[in-house]
Amino acid sequence: MNAEARTTIDQSEVDRFSAMAAEWWDPTGKFKPLHKINPVRLTYIRDQVSAHFGRDPKGHRPLEGLRILDIGCGGGLLSEPVARMGGDVLGADASEKNIKIAMTHADQSGVTVDYRAVTAESLAEAGETFDVVLNMEVVEHVADVDFFLTTCASMVRPGGLMLVSTINRTFKAAALAIVGAEYVLQWLPRGTHQYEKLVRPEEIEAPVSKSGMQVVEMKGVFFNPLQNQWNLSSDIDVNYMVLTRRPAEPAPSEATK
Ligand SMILES: C[S@@+](CC[C@H](N)C(=O)[O-])C[C@H]1O[C@@H](n2cnc3c(N)ncnc32)[C@H](O)[C@@H]1O
Ligand SMILES: [Mg+2]
């Protein structure tokens, strides 16, 4: 395929999210699962990014001054709280409708986020770079996972991080995240996730490594029905997050050794 023809946009996926855009900030609406999962993933992001950049995670604005890309930001459920933690956040989404909803909500909440209706490939082409790329719940909705991940990774500065979260392509995920969540519990509209589009850990690790980054750890995120909440877990068979980092550039004196 001609490199210029390569795109990460699966138009039917983007259209599906655009059609639900009005519901982004309704905690009981179609995005309820993302609202429910937000506390556990935000704590993980805050703690990992703080530890990596030598910040106090319990400080007032631990992410102050870090340039952060929230790729596939939707209505901004992550962008806003990350900006509140001090992050200088660029929220990018392929859907203009999502970006409009995100902008209106940020205005109303008094949070500053640089929202743009653009793709990862256009940001990379423009030479944008970031200390942290948040790549949460998007890879299972794009057209070309390998290209999407190498493009996102290319924007991570030396010494920076990328966090990827998605759903594994396993029998257990088909049973819990598709049949359970869409058909039995009806947490999500039917058709939100297609089994073939789910992403295995090695399909994240390969493009990330190819881009010169390393996997630091993988963490499962599991719903506990008794507590009615999501927790971190060592089981990455269903929902999981991958923390990756780009090695820092060697100091000039070391580079010449
Ligand atoms: C499940 S939502 C995740 C939203 C947000 N990251 C979160 O976790 O709260 C997936 C989002 O990815 C966006 N999207 C799909 N394909 C994309 C692409 N190729 N580039 C950028 N955004 C994309 C959709 O429009 C949608 O808003
Ligand atoms: Mg998803």
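Residues numbered from 1 in each chain as written. Chains lettered and ligands numbered in written order. Predicted model: local features only at pLDDT ≥ 70, side-chain atom pairs only at ≥ 80, totals over all residues. Heavy atoms only, no water.

In the nomenclature of an unreviewed UniProt entry, the chain corresponds to Ubiquinone biosynthesis O-methyltransferase from the organism Ciceribacter sichuanensis. For the chain, the Function (unreviewed entry) comment in UniProt is given as "O-methyltransferase that catalyzes the 2 O-methylation steps in the ubiquinone biosynthetic pathway." Note on the chain: under the UniProt heading Pathway (unreviewed entry), the record states "Cofactor biosynthesis; ubiquinone biosynthesis." (UniProt positions renumbered as here; feature names shortened; annotations may be inferred.)

Residues of helix α1 (residues 11-19) that are buried: E13, V14, F17 and S18. End-on, the buried residues of α1 take up no more than an arc of 135°, which puts them together on one face. Contacts from the buried residues of α1 go to α4 (96-109). (Buried < 20%, exposed > 50% of the residue type's maximum accessible area, 1.4 Å probe, protein only. Helix = DSSP H or I, 4+ residues; strand = E, 2+ residues; numbered from the N terminus. Arc of directions from axis to C-beta. Contact = heavy atoms within 4.5 Å.)

You can see R46 is positioned in helix α2 (residues 32-52). Assessed through its relative accessible area of 19%, R46 is described here as buried. With residues near it in sequence (within four places) discarded, R46 still touches P57, K58, P62 and M85.

This next bit is on the packing of aromatic side chains. Geometrically, a pair of aromatic rings is defined through the distance of the ring centres and the angle of the planes. This structure, assessed with the given rule, holds six aromatic pairs. Look at F17 and W24: their rings are 6.5 Å apart centre to centre, the planes differ by 15°, and that puts the pair in the stacked class. Per residue, the accessibility class of F17 equals that of W24, and both read buried. Between the aromatic rings of W187 and W230, the centroid separation amounts to 6.5 Å while the plane-to-plane angle is 55°, which identifies the pairing as tilted. Remark: W230 occurs in strand β7 (residues 229-233) and W187 occurs in the loop between α7 (171-184) and α8 (201-210); sequence separation between them is 43 residues. One aromatic cluster is present, formed by F17, W24 and F31 through successive ring pairs. (Phe/Tyr/Trp six-rings, centres within 6.5 Å; stacked < 30°, edge-to-face > 60°.)

Let us look at the pairing of strand β2 (residues 88-92). With four of five residues buried, β2 lies mostly within the body of the structure. Summarising the sheet, strand β1 (residues 67-71) and β2 pair through five bridges and their orientation is parallel. Residue pairing in the sheet places I71 in a bridge with A92 of β2. Assessed by its sense of winding, the connection that carries the chain from β1 through helix α3 (residues 79-84) to β2 is right-handed. Taken together, the three bridges between β2 and strand β3 (residues 114-116) define a ladder with parallel strand orientation. Pairing of G91 across the sheet is with Y115, part of β3. On the question of chirality, the crossover connecting β2 to the parallel β3 by way of α4 is right-handed. (Pairing = 2+ DSSP bridges. Right-handed = clockwise from strand over helix to strand, strands pointing away.)

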